[in-house]
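Listed here are the chains, written in short residue letters.
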Amino acid sequence: MAQVPNLDNAPINLTTIRDQSQKELITILKNIRGKKCLVIDPKLSGSLSLIVQSSQLKEHGAELRHLTAEPVETDCTKMVYLVRAQLNLMKFICSQIHNDTSKGLHREYFLYFVPRRAVACEKILEEEKVHELLTIGEYPLYFIPLDEDVLSFELDLAHKECVVNGDTTSLWHIAKAIHKLEFSFGTIQNVRAKGKASTRVADILNRMQAEEPVNTSDMGIPEINTLILLDREVDMVTPMCTQLTYEGLLDEFLGVNNGAVELDSSIMGVQQEGKKLKVPLNSSDKLFKEIRDMNFEIVVQVLRQKATSMKQDYTEISTTTQSVSELKDFVKKLNSLPEMTRHINLAQHLSTFTSKPSFLGRLDMEQTLVEAQSYDICFEYIEEMVHKQEPLINVLRLLVLFSITYSGLPKKNFDYLRRELLHSYGFEHIATLNNLEKAGLFKKQDSKSNWQTVKRALQLVVEDTDTTNPNDISYVFSGYAPLSIRLVQHAIRSGWRPIEEILKLLPGPHSETKKSGFASSPSFDTLPGSVNNSEKVAEGRRSLVLVVFIGGVTFAEISALRFLSSQEGMAYDVIVGTTKIVNGHTLIQTFVE
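The structure displayed is predicted, hence computed values, not measured ones. (Residues numbered from 1 in each chain as written. Predicted model: local features only at pLDDT ≥ 70, side-chain atom pairs only at ≥ 80, totals over all residues. Heavy atoms only, no water.)

*Asks:* Describe the environment of glycine 408, and please don't skip the residues or the numbers.
*Replies:* Within the secondary structure, glycine 408 is located in the loop between α17 (392-405) and α18 (411-425). A relative accessible area of 0% places glycine 408 in the buried class. Residues glycine 408 and leucine 441, spaced 33 residues apart in sequence, show a C-alpha to C-alpha distance of 8.1 Å. Setting aside its immediate chain neighbours within four residues, glycine 408 contacts Ser403, Lys443, Lys444 and Gln445. (Helix = DSSP H or I, 4+ residues; strand = E, 2+ residues; numbered from the N terminus. Buried < 20%, exposed > 50% of the residue type's maximum accessible area, 1.4 Å probe, protein only. Contact = heavy atoms within 4.5 Å.)

Rendered as structure tokens:
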């Protein structure tokens, strides 16, 4: 199965966008004639694998290498560096060029920044006296389709840079990526934003639209009707909870990277000592598409049913005479056997984690923290984790959840836990705790918590959630409805005006803008989903909402959005844009120094 996802069923034509990115990269290689060594920033290589296959790069004379601090061993005379604009990578490139010069090697050097060049980087190249040896260009890759309804801007550190370092470079990139989409699909008429970063992106986008307007005359009706921008900071509770959907749990325990998990081949039933296997996870796999968004409890049942039905078919085939068409149906079913085996192996492996008492205990604790009504129990649980020296990230995840739902800890408790953490895990973690403080994720209590009010008003805790036939998004966390997706739900159903007071209790400002233009596109307050707008927009197409998460989104939230979109009476499709796919673990990791 190809690693490059199939985008044929995407609600907008993402294939042409991906083809364009592919073409731009191949043009760069074509313009540098002959054999060359393409040295790729390791962080980029995963993203590029979703756009172009390495065989295509090799066809254009490229030898592929990863950029590291070590010199590149190659006999090519042309070196092409493809990197993000990061200062440490510039140092690697300088040292490689110096190394070549000291050996008397004469080479041509090309440097392509992804997605755009940065003054600070070029300054380093000048200081190291290599700037004039380089031909410098840009490869404007602003986003990557991870699947038919998910785009990633691949900005891993956007959240930390904004909330800790006050560095907002990533916001320009996000606005640029959205503006780039507008050139393909028309100007987005309605923009809603919540959070400091989101309202800034909405402003930058507005400015870009004024400076480089999209030519609307030959576009027809814009394909994306509404843009909803949300800061991760607005809802840090959701990523700190353990996701309970199939894809979410795969990410929690195995780590999904660039639409694939890597694990020991023995888990997948392949006996190759110590060999790792990459298992692609995207909607090209029909079975995965069917089960990815289900609560994991149900996935196990579905796989069991499918296996049982296949077994029955097999018994029937071998004991009775069948017509040719019945045989044909059976063979068709056999074609899905590799997918069945793949997911039975993965589900079995996940069950080894989810059946542990420690996992179930942790889920109970998360539920208690979200309900935020038993301060002492929560405090003692976290204190005990610290004393047992459980993995630091696991402790910090619950500590952040604790601090957010109670709006910080009383000074005495705060100082005590901080001291105990440093004693248990070492004083080198002082920078990590400072980062979490700066981001407001672990703090002293300075005001009464408004979590109870928000929780009640938005019905975030749902008793007796039916995970088998869900009727609410809370099934993705078995009883907790992600705050972020509740906000999207309100934005789409009735606008944010009715929940204005609740929005004010959440971090950051909010804004709504509407561009005048197309009479035929639905107005803001009757966005698809409200009664009078069940008619379809332009030639049977459903209205489209682009929901962008600045600072990352979890797979469980994406599942909740897909669930909303599939509900009866919902006349719109959803596409998700995000700086990165995250979970509590990877998000906390960005704050660790």
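*Asks:* Talk me through unusual backbone geometry; I want residue IDs and the actual numbers.
*Replies:* For the bond running from valine 114 to proline 115, omega is -5°, close enough to zero to count as cis. Considering the arrangement of structural elements, one finds proline 115 in the loop between β4 (108-114) and α5 (119-127). In this model, asparagine 258 sits at a positive phi of 45°, which is unusual for a non-glycine residue. Among the secondary structure elements, asparagine 258 is positioned in the loop between β10 (256-257) and β11 (260-264). Notably, aspartate 464 is not glycine yet its phi reads approximately 50°, a positive angle.

*Asks:* Outline the nonpolar core, listing residues and values.
*Replies:* In terms of nonpolar packing, the biggest core is built from 130 residues, with Leu346, Phe402 and Leu487 touching the most fellow members. No other element matches the nine residues that α17 contributes to this core. In this view, leucine 346 contacts Tyr246, Leu250, Leu254, Val261, Leu263, Met268, Val279 and Leu281; residues no more than four positions away in its chain are not counted. Of all hydrophobic cores here, the second largest spans 36 residues; its members include Ile174, Ala175, Ala193 and Ile550. (Core = buried A, V, L, I, M, F, W, Y, C linked by side-chain atoms within 4.5 Å.)

*Asks:* Break down the sheet that holds strand β1 (residues 36-40) for me, with residues and values.
*Replies:* Sheet architecture is open: five strands sit in the order β2-β1-β3-β4-β5, paired in parallel fashion. Each end of this open sheet is capped by a strand with a single partner; those strands are β2 (62-66) and β5 (134-138). Neighbouring strand axes in the sheet, compared pairwise and without regard to direction, differ in orientation by 20° on average. Pairing between β1 and β2: five bridges, direction parallel. Bridge assignment links leucine 38 to a residue of β2, and that residue is leucine 64. Running at roughly 140° to β1, helix α1 (residues 14-31) makes contact with β1, β2, β3 (78-84), β4 and β5 of the sheet. (Pairing = 2+ DSSP bridges. Axes fitted to C-alpha atoms, helices over the stretch in contact; angles between N-to-C directions.)

*Asks:* Tell me about α18, and name the residues and values.
*Replies:* Taking 1.5 Å of rise per residue, 15 residues should cover 21 Å, and α18 covers 21 Å from first to last C-alpha, within 8% of that figure. Within α18, burial applies to Asn413, Phe414, Leu417, Arg418, Glu420, Leu421, Leu422, Ser424 and Tyr425. Packed against the buried residues of α18 are α16 (375-387), α17 and α19 (430-438). (Expected span 1.5 Å × (residues − 1).)

*Asks:* Just give me the short version of the pairing of strand β8 (residues 190-194), but keep the residues and values in it.
*Replies:* Within β8, five of the five residues are buried, which leaves it mostly tucked inside the rest of the structure. Bridging between β8 and strand β9 (residues 226-231) involves five bridges; their strand directions are parallel. Across the sheet, asparagine 190 pairs through a bridge with threonine 226, a residue of β9. Sheet topology note: the β8/strand β13 (residues 510-514) ladder contains five bridges and is antiparallel. Each residue of the ladder has a partner; that of alanine 193, found in β13, is serine 511.

*Asks:* Break down helix α23 (residues 555-566) for me, with residues and values.
*Replies:* In this model α23 runs 17 Å from its N-terminal to its C-terminal C-alpha over twelve residues, within 8% of the 16 Å that 1.5 Å per residue would give. Counting buried positions along α23 gives eleven out of twelve residues, so the element sits mostly inside the fold. Among the residues of α23, Phe555, Ala556, Glu557, Ile558, Ser559, Ala560, Leu561, Arg562, Phe563, Leu564 and Ser565 are the ones counted as buried.

*Asks:* Lay out the pattern of salt bridges in plain terms, naming residues and giving numbers.
*Replies:* Under the definition given, this model contains 30 salt bridges. Two residues, glutamate 63 and arginine 65, come together in a salt bridge whose shortest N-O distance is 3.0 Å. One salt bridge in this structure joins aspartate 472 and arginine 486, with 3.1 Å as the shortest N-O distance. Of this pair, aspartate 472 sits in the loop between α20 (451-457) and α21 (483-493) while arginine 486 sits in helix α21, placing them 14 residues apart in sequence. (Salt bridge = Lys/Arg side-chain N within 4 Å of Asp/Glu carboxyl O.)

Bear in mind that shape data such as this cannot, by itself, settle questions of function.
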